[in-house]
Structures are given as C-alpha cells and as structure tokens.
Amino acid sequence: MSKVYADARSALDGLLRDGMSIAAGGFGLSGIPENLIQAIRESGVKNLVIASNNAGVDDFGLGLLLQERQVAKMISSYVGENDLFMQQFLAGELEIEFNPQGTLAERLRAGGAGIPGFYTATGVGTLIAEGKEHKEFDGRTYILERGLRMDLGIVKAWKGDAEGNLTYRKTAMNFNPECATAGTVTVAEVEELVPVGTLDKMAIHTPGVYVQRLFQGSHEKRIENRTTRAA
Amino acid sequence: MSKVYADARSALDGLLRDGMSIAAGGFGLSGIPENLIQAIRESGVKNLVIASNNAGVDDFGLGLLLQERQVAKMISSYVGENDLFMQQFLAGELEIEFNPQGTLAERLRAGGAGIPGFYTATGVGTLIAEGKEHKEFDGRTYILERGLRMDLGIVKAWKGDAEGNLTYRKTAMNFNPECATAGTVTVAEVEELVPVGTLDKMAIHTPGVYVQRLFQGSHEKRIENRTTRAA
Amino acid sequence: MPWDRNQMAERAAAELQDGFYVNLGIGIPTLVSNYVPANYNITLQSENGMLGMGPFPTEDEVDPDLINAGKQTVTELSKTSYFSSSDSFAMIRGGHIDISILGAMEVSETGDLANWMIPGRLVKGMGGAMDLVAGVKRIVVIMDHANRKGESKLLRECSLPLTGKGVVDRVITNLGVFDVVEGGIRVLERAPDVSLADIEAVTEATLVD
Amino acid sequence: MPWDRNQMAERAAAELQDGFYVNLGIGIPTLVSNYVPANYNITLQSENGMLGMGPFPTEDEVDPDLINAGKQTVTELSKTSYFSSSDSFAMIRGGHIDISILGAMEVSETGDLANWMIPGRLVKGMGGAMDLVAGVKRIVVIMDHANRKGESKLLRECSLPLTGKGVVDRVITNLGVFDVVEGGIRVLERAPDVSLADIEAVTEATLVD
C-alpha cells in the first residue's frame, strides 16, 4: 500500500484515459509538474480537459501536450505565452474557457471542499457573467460559480514524504494545493522525498490525505521571464 | 503606524462598542484569545454578537463575558461545556444560532474571502436547513449558507511579528485563521512577539494584512479535558 | 450473547482497510482504534484540525495546544499535519475521509441519523456531526440496539431531530451488524447466540433479506 | 507639458498611504514602487501568492520558485509570506488590499474598465484583473489619455469588453488626474502647462465640476 512510485510513468499507471479531466498546478512555468506532463505526453492520451492557470510555453509545460494535440479544452485565466495554443484555438481544434484567476482558484478549492457553487462579484457586468445565475446579497450583485472536481490532479511540490504530505517552496506553491484537493486522484512529483516526520507539521501545505501517489523527479525549473537588477 | 500594542486593553482602545459583532478564535479552551476576552469583559461593552465554535466554560474563555451578561447572541456549533450559557438561554436572555462546525468555519472563511454565499450538503434535511434556499447540483440537494463578516476578529497565535504575521501551534490553530480574515478589524494576542523575518515564510498561517493590531500576552492555557495514559 | 462495548468496537474495526483515513466519534467509536490491525496504516482525522492523531499523552506529554475533537489531550505522530478549521472541514465535506464511525440516538431504515438533540432537553449543539455525515464517504454507526427502556433505536422513522437524512450506510449494535438497503434494514451478522427472533423483538425498522 | 511614464508613476505613488497593502499591475504601475516615500511601510501583494514582494533579483539571486504575477523573477523581504492561489485571491476578493494600480485600454465615465480583450485580436485572458477590480478597496488606473490615433481612452462608454463595471475610482493619465464622480469625470489635477481645453480636446467622457 505504498504511495511512493519510481517515476512519473509508473505513478500514472492505470490512471489515464481519453477524455478525462485534469487539474494541473503551476503558475507560468513555476511549480509545474514537469515530469507528469512529460509522461502524459508519452502516454498518448487524447481529448483532455485541463484546468490550469496557464498553458505553458510552446516547448515546455502544458505546451508539450498541445504539440501532440492531446488537449480538447483548457480552463485557464491567461494563455498569452503560448503561440501553439492560439493556432489550435483559431483553427477550432481547442476550446478555451476563460476563468478569472481568483475564480479558477476558488472553483478548484470549492470542488475539493465539497462546495458545488459559490457567489462572487468577480466578473459581474462582463462577458464572464453571461448565462450565469445572478443574485443580490446586501445590495450588491454576485454571480454563481461552480466548484470544479477533476478526475486527476497533478501537482509539483518541493518536499514530500511517503504519507503524501507535501510542502511547497515560495511562489511555486500557487495553484498546487488547490489542484491536489480538486483531483479525485492526485499524483504529486517532488524535488525531494524526505523521511516521514521530517517535514514541519505546521507547514504541511497539502496533507497526505489528498495525495494518492508520489515520486521524486528531476526538475528543469525553466524561467519564463528572467528580470534582474544590477548587483 | 506600529501594529504592536502593550497589552489587550490598549490594543482594543477605540474598537469596542455595544451591539458589535465579534469573531473569536479557539476550539474549546485551546487557542482562545484569553487576554482579549478579559479586556472585553473589563470594558463593560454589552449586547455582543459573538461567532465562536464554543462558549468557553463558566469561569474561563467566553464564559467570562456570559458572567457579566455582555453577550446577546452566540453563533456556535457546541456550547455543552457551559452551564451559565444554558441558564441565560433558558431565561431568554441569550440567543443561540447553531451552525454545524464546518459550516461555521466556512462561513467565516467565506466572509473574509468576499464570498457572500456558498452551497453545502451539510444540514440538508435537518432543522438547520429550514428557511434556507435549497438548490440541486448534479442531482444532489444543497443549501445556501452566508459568508460571515464581523466587526472585530480576536485571535490567539503562538508567534507573531510587528508586521502582523502570525503562526499558530498544533490544534490551537483551529478557528483562529478564519476569525482573523472575517474581522473588519482584527486584533491578535501572541505568546511571543518575534523580530520580523524570523518566522518561516512558508508557515505564516495568517499574513500580516489580516492583523491590524497585536500584542504579547501571558496565557494560562487551561486544559478542559485532561486525558492521559500510563507512561 | 450480545456484544459489549469493546466487542462492538472490535467489530467496527473490521470496517477499516489498510490506508484508510478515518474520523472516529466520541464514546464507543473512540475504542475502535484499539482494534486496528498492527500491519495497517490507518490515519485518524480530528476535525478540530489534525490528521494523524496519536494516543492519549502520558502525564509528561500533556500539551494544552494538542487536543482532539472531544477536547481530550492527545499526541501527535511522525506523519501528523495540522491545519485550520475551514481546511479540516474542506477535507471532510469534500469526501476525502474514507469512513466515519459515530454514535447515535436513533437510526431510521432509510439511513436517517439522529444524534445531536433531544427536544425539551438542553441543546448543546451538533458540533461537527452534520458535516461528517454529509461529507464522509461511508458512515458507520455504533449504538446499542435498544434504549434503556428496551425500545428500538433502529426505527421506521427517527422521532428526534435529524443530524442527516439518508446518510448511514451500516449500523453495528450489541446484537449484530445491519446495512441500510433498498426497502429497509438487512441483517448482515448476528452476535453470538443472538437469534433473528431476538433482533426482531427489539427492532422497529423494516427488516429485509 | 504632459507627464511621461515615470511622472505618471510618481503621481500614482502619492495615492499610497503609510501602511498600505498594494497590488500593482503590469507595465507603468510597476514603476510606482520606485516612488514610494522612504519612511513609508508599503507592502506589495503579488496575486500568484506572495505578500511583501521585494525588488528584482541580482543575477545571483534569481530563483525559479520566486516570481511575480508578471512571471518576472523577484525577491523576498524579511516580512514576506507565501500562500496558495485561493488564499491569495481570498485576500483580494475579501477587500483586504487597500489599493490596486492598474493599466487600462479604456475607462468609462461610470468607472467601467476595459483592459483584457480586443475583439478580433488574439485573446490572451484576463488573469487576475477581474478579481482585483471587483475586490480591492480602491482602484486607480494609469493610462495614456489618448490612444496612438489620438482618440480618447476616457469614454462615455467603453467599446471593448469590460474587465469590471463601475470599478474605477481614479484615473491618472499623461494629462492629469481624474475622479469618477456622480455624472461623469472630474478633473482633479492637470499636468504642468496642460490646459482644461487641452484635456477637453481629447476627452470623450463627460467632464463635470
């Protein structure tokens, strides 16, 4: 009954199927599950519905799945860094559902937390609100947004243990905790697998109950927008 | 513009008024803002509406405010440890709104997160659901619960810094992070005020933006139900 | 011979599978942890904000910052993690806990559960019980089959205010093990030397095959 | 003489008060941090999950795990805390951030803001902009008063799809500072040697006293 697997491929064994939905952690190229994305690409699984804030770049991150035309639909807040995305979108090969970033994050949290819907003022009066239930609370108008539960969650953490406890590092945390809770099954890749008991119990961002499988991967951690000042 | 105050009394200066609403952290007697409760008692403020999972015991915690008949209404999930509560309730001097524990926690989180309402299956088919909007999602019935925003949040943390960053210890965390976000103004008492930069940046449970004032207090930390095994 | 408290708890422990995340109610359910097979990795959740609850502390280990949902002092384990109340109930409400084993005042043949309130008596509150029965994947009740007056607690309909409607999957009483199924309650197991007639005599709920 | 980018940013910095929690948009708004008075304790929020954002790193300090909402590498400060995306937007949506300073394509005289989408052009997405304008206490826009064709960006009604309706409190352009008030736009300040006639000439929105 060990949760620990040797690599991305074995950790995904038996979990992938055409048309499934996947919540993928990461913001830009930071904190993305690089190894799992690569293994999903190699699996050849098709028609994926992916909830992820961004779509990677052409040759890294979720862009690798776009290259192979494995994605049917993205639920994202910003896809501006990916030209392949735009080509496939304009060719009608790829559907996009834009969600405001905070709404996407809250939808994933809600899905994982057993909340099928919540009201938010975000997007009221915009295209995003069209077709959604409107409701007034204390004189302000809000729209109903749905919780998102996905077939699979794929996340990248800094350290993890055999119980599935995960801890993230700096802004590489981003959407990963939400994707871990939103996945009916969640697979995590970690930079370092550590012995149970060595993580700070007050800083376990994803408790083990949310992680069914994990493995230690190697990570390129590509930087999208290197910006520096003089030393 | 310092957030740091000398004690509970000065930290509450100008914030209290009759009839105000207060979200108070703690579960049982663990992680309760002992010093702030004492100072509120001494202020003599009346007709308070308090959201707190429990009502303390007769002579400690929120029971101290019941002794002085300062509370008009409690929003709680369990008040079984407090006889004073029951006397005042049966005498019609005190109103109680029972919330399921998870609903109370989520209402406080939602209030702090700008979510005026959310749907939950908790309480469907029970007294709790009466008078609430029912809605079906994917074939299951849920009820609408409201976010709770309170005039004041009072919380107790383990360590805090001058920026208002707080970290809690073990199960004394409980409702404190939610109460910190739900308060329009939040005052925190900490066991130890530490220099800015010494808290683990990945384990700051309440970022400073939620805390307007804080002080270092001394804490009795009374144990409600000491249960031990043989050594 | 009907089961005693410990035998009921032992039977309930057979509901657990290796790797399960478990929430145990106050009272007899707490005893279940004594009967977990040694080779199982079972993780106990305490809804006040802890995953991986350990045994009661020795006198030296008592920590006011470390209590369970019954407000008893407990200990942590190497795998323990702590979190806030909203995170704890996100875990519960979201269906991430495999099983909850709870006490009850009444259970109906449609799986309704009443365990928080007796009208006319002092109302203490439901605590986390409504969240648990609504959110946890599987709900197993442990209770005496009849109350002190000898009246069935396994009923056609609950007479007390409900904690949840249609939420109970299985009931373990001193007389046996019962499943909530289409049309009523099915007897799954009987305690040693307890006959079906013994059960029928103290069961108001419809018993079905 | 109209303000340049840096002068607009400098003027925007005057919107900040000591102790403020601030979210700065991409582009000119980023420059605002260069003009914060040295004795102010201002905390920058980055919506990807950081409170207390520091300056860009030196080449040695670059860390792929430490970026801002524009995906630029940044640094942390002693007061920094990190959190998840849902926690970050809880902070934003819940009204805990004092001010957000954002760029815009168009602003209407009723405070509508358009800054995410041009129909017929490639749509990249709104990112966190809709959440920011709906949730943050005060929204200040920095933009050029007119577009490259010389057409007003301060309009009766926005022609582009909205980011938020009735959300803008103040607009800082190269020509001056403008408040969204009952009935239209009020001129609060003019850039040096910019006349009211100069402003009227490139403003479609109703100007009121």
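Model, not experiment: these values are computed from the prediction. (Residues numbered from 1 in each chain as written. Chains lettered and ligands numbered in written order. Predicted model: local features only at pLDDT ≥ 70, side-chain atom pairs only at ≥ 80, totals over all residues. Heavy atoms only, no water.)

### Quick word on the overall build of chain C
Here is step 1: Secondary structure assignment for chain C yields 5 helices and 13 strands.
Here is step 2: Taking 209 residues into account, the globule formula puts the C-alpha radius of gyration at 17 Å, and chain C, at 17 Å, falls close to it.
Here is step 3: The principal-axis extent of the C-alpha atoms belonging to chain C is close to 50 × 40 × 30 Å.
Here is step 4: Going through the 209 residues of chain C one by one, you find that 61% of them count as buried.
Here is step 5: Of all intrachain contacts in chain C linking residues separated by at least 6 positions in sequence, the fraction that spans at least 24 positions is 61%.
Here is step 6: Of the charged side chains in chain C, 17 are positive and 29 negative; the average position of the first set lies 4 Å away from that of the second. (Helix = DSSP H or I, 4+ residues; strand = E, 2+ residues; numbered from the N terminus. Rg over C-alpha atoms; globule rule 2.2 N^0.38 Å. Buried < 20%, exposed > 50% of the residue type's maximum accessible area, 1.4 Å probe, protein only. Contact = heavy atoms within 4.5 Å. Lys, Arg positive; Asp, Glu negative; His and termini not counted. Charge placed at Lys NZ, Arg CZ, Asp CG, Glu CD.)

### Some points on the interface of chain A and chain D
One frequently used descriptor of interface size is the decrease in accessible area upon assembly of the parts.
Here is step 1: Each side of the interface is counted separately: chain A has 50 residues, and chain D has 48 residues.
Here is step 2: By the criterion of area lost to chain D, the three top residues of chain A are K170, T171 and R229 of chain A, representing 17% of everything that side buries.
Here is step 3: Between chain A and chain D we count 7 salt bridges in total.
Here is step 4: With its nearest N and O atoms 3.0 Å apart, the salt bridge here joins E81 of chain A to K71 of chain D.
Here is step 5: Across the contact surface, chain A and chain D share 31 residue pairs in polar contact (both at pLDDT 80 or more).
Here is step 6: The element contributing the most residues to the side of chain A that touches chain D is helix α5 (residues 101–112) of chain A, with 6 residues.
Here is step 7: Grouping the amino acids of the side of chain A that touches chain D by side-chain chemistry returns 19 nonpolar, 19 polar and 12 charged. (Buried area = accessible area lost by both parts, 1.4 Å probe. Salt bridge = Lys/Arg side-chain N within 4 Å of Asp/Glu carboxyl O. Polar contact = N/O pair within 3.5 Å; in protein donor to acceptor, adjacent residues only side chain to side chain. Nonpolar A, V, L, I, M, F, W, Y, C, P; charged D, E, K, R; others polar.)

### Examining the interface of chain C and chain B
Here is step 1: At the junction of the two partners, chain C supplies 48 residues and chain B supplies 50 residues.
Here is step 2: Across the chain C/chain B interface, buried area totals approximately 4100 Å², and carbon plus sulfur atoms make up 59% of it.
Here is step 3: Summed over the shared surface of chain C and chain B, the number is 7 salt bridges.
Here is step 4: Our enumeration of links across chain C and chain B arrives at 31 residue pairs in polar contact (both at pLDDT 80 or more).
Here is step 5: Broken down by secondary-structure element, the contributors of at least two residues to the side of chain C that touches chain B are β4 (76–82), α3 (85–93) and α4 (129–135) of chain C.
Here is step 6: A per-element tally of the side of chain C that touches chain B places α3 of chain C first, with 5 residues.

### Structural notes on the pattern of salt bridges
Here is step 1: Tallied over the full model, the rule gives 55 salt bridges over all chains.
Here is step 2: Each of K156, R169, E191 and K221 of chain A together with D63 and D65 of chain D takes part in one network of salt bridges that share partners.

### Thoughts on α3 of chain C
Here is step 1: Among the 9 residues that make up α3 of chain C, 8 are buried, leaving the element largely enclosed by the rest of the structure.
Here is step 2: Taken together, the buried positions of α3 of chain C are S85, S86, S88, F89, A90, M91, I92 and R93 of chain C.

### Details of the packing of helix α5 (residues 101–112) of chain B against α3 of chain C
Here is step 1: Where α5 of chain B contacts α3 of chain C, the two axes come as close as 8 Å, and the packing angle between them is 125°. Judged on the interaxial angle alone, α3 of chain C and α5 of chain B are oblique. At the point where α5 of chain B passes α3 of chain C, the crossing takes the left-handed sense. Judged by residue contacts, Q101, G102, T103, A105, E106 and R109 of chain B of α5 of chain B engage S85, S86, F89 and R93 of chain C from α3 of chain C.
Here is step 2: Here the contact of α5 of chain B with α3 of chain C is composed, by residue class, of 2 nonpolar, 5 polar and 3 charged. (Axes fitted to C-alpha atoms, helices over the stretch in contact; angles between N-to-C directions. Parallel < 35°, antiparallel > 145°, perpendicular 65-115°, else oblique. Left-handed = near helix turned anticlockwise from the far one by under 90°.)

### Observations concerning unusual backbone geometry
Here is step 1: The phi angle at K170 of chain A is positive, at roughly 50°, despite the residue not being glycine.
Here is step 2: Here K170 of chain A shows up in the loop between β9 (166–167) and α6 (176–182).

### Side note on the sheet that holds strand β11 (residues 176–181) of chain D
Residue and element names in this part refer to chain D.
Here is step 1: Taken in spatial order, the 10 strands line up as β4-β3-β2-β1-β5-β8-β10-β11-β12-β13 in an open sheet, and their pairing is mixed. Lying at the two open borders of the sheet, with one neighbouring strand each, are β4 (76–82) and β13 (207–208).
Here is step 2: Pairing between strand β2 (residues 43–46) and strand β3 (residues 50–53): 2 bridges, direction antiparallel. Residue pairing in the sheet places Q45 in a bridge with L51 of β3.
Here is step 3: Set on the sheet, helix α1 (residues 5–13) makes contact with β5 (99–103), β8 (138–142), β10 (170–172), β11 and β12 (184–190); between it and β10 the angle comes to about 150°.
Here is step 4: Where helix α3 (residues 85–93) meets the sheet, it contacts β1 (21–24), β2 and β3, and its direction lies at approximately 125° from that of β2. (Pairing = 2+ DSSP bridges.)

### As for the nonpolar core
Side chains of a nonpolar character, in soluble globular proteins, are inclined to be buried together.
Here is step 1: With 164 residues, the main nonpolar core has L108 of chain A together with L108 of chain B as its most contacted residues.
Here is step 2: Ignoring sequence-local partners within four residues, the contact set of L108 of chain B consists of A23, A51, L148, M150, F175, E178, C179, T181 and A182 of chain B. (Core = buried A, V, L, I, M, F, W, Y, C linked by side-chain atoms within 4.5 Å.)

### Some details on the pairing of strand β5 (residues 99–103) of chain C
Residues and elements named next belong to chain C.
Here is step 1: Counting buried residues along β5, 4 of its 5 residues qualify, which places the element largely inside the surrounding structure.
Here is step 2: Here 5 bridges tie β5 to strand β8 (residues 138–142), and the two strands are oriented parallel to one another. In the sheet register, S100 faces β8, and the bridge partner there is I139.

### Quick look at the packing of aromatic side chains
Here is step 1: The tally for this structure, following the rule as stated, stands at 7 aromatic pairs over all chains.
Here is step 2: Here F98 of chain A and W116 of chain D contribute two aromatic rings whose centre-to-centre distance is 6.1 Å and whose plane-to-plane angle is 85°, an arrangement assigned as edge-to-face. Here the residue F98 of chain A occupies a position in strand β4 (residues 95–98), and W116 of chain D occupies one in the loop between β7 (113–114) and α4 (129–135), the pair thus bridging two chains.
Here is step 3: For F98 of chain A, a relative accessible area of 14% translates into the label buried.
Here is step 4: Pairing F137 of chain A with Y142 of chain A gives two aromatic rings, centres 5.7 Å apart and planes at 75°, and the pair type is edge-to-face.
Here is step 5: What makes F137 of chain A buried here is its relative accessible area of 4%.
Here is step 6: Cluster of aromatic residues (ring-pair linked, three or more members): Y119, F137 and Y142 of chain A together with Y119, F137 and Y142 of chain B.
Here is step 7: Here the guanidinium or amino end of K159 of chain B rests over the ring plane of W158 of chain B, the centre of that ring lying 4.4 Å away. (Phe/Tyr/Trp six-rings, centres within 6.5 Å; stacked < 30°, edge-to-face > 60°. Lys NZ or Arg CZ within 6 Å of the ring centre and 35° of its normal.)

### Describing the pairing of strand β6 (residues 134–137) of chain A
Side-chain direction in a regular strand flips from residue to residue, so the side chains alternate between the two faces of the sheet.
Residue and element names in this part refer to chain A.
Here is step 1: Strand direction decides the pairing type here: β6 and strand β7 (residues 140–146), joined by 4 bridges, are antiparallel. Paired with E136 across the two strands is T141, which belongs to β7.
Here is step 2: A loop of 2 residues connects β6 with β7, the two strands running antiparallel in sequence, and D138 in this loop sits at a positive phi of about 50°.

### Observations regarding helix α4 (residues 83–90) of chain B
Residue and element names in this part refer to chain B.
Here is step 1: Turning to α4, its buried residues number three or more, namely L84, F85, M86 and Q88.
Here is step 2: Buried residues along α4 sit against α3 (63–67), β3 (71–76) and β4 (95–98).
Here is step 3: At the exit of α4 stands G92, carrying a positive phi of roughly 75°.

### A look at the confidence of the model for chain C
Here is step 1: With 100% of its residues at a pLDDT of at least 70, chain C reaches an overall mean of 96.
Here is step 2: For this predicted complex, the interface score ipTM comes out at 0.98, while the overall pTM is 0.98. (pLDDT = per-residue confidence, 0-100.)

### A short note on the sheet that holds strand β9 (residues 154–155) of chain C
All names here are of chain C.
Here is step 1: If you walk across this open sheet you meet the 3 strands as β7-β6-β9, and the pairing is mixed. Lying at the two open borders of the sheet, with one neighbouring strand each, are β7 (113–114) and β9.
Here is step 2: When strand β6 (residues 106–108) meets β7, the two strands line up antiparallel, connected through 2 bridges. Paired with E106 across the two strands is A114, which belongs to β7.

### Description of the environment of I92 of chain C
Residues and elements named next belong to chain C.
Here is step 1: Counting through the fold element by element, I92 comes out in helix α3.
Here is step 2: Using a relative accessible area of 0% as the deciding quantity, one classes I92 as buried.
Here is step 3: Separated by 62 residues in sequence, I92 and L154 have C-alpha atoms that sit 26 Å apart.
Here is step 4: In this structure I92 touches N23, Q45, E47, I97, D131, L132, G135 and V136, once residues within four positions along its chain are discounted.

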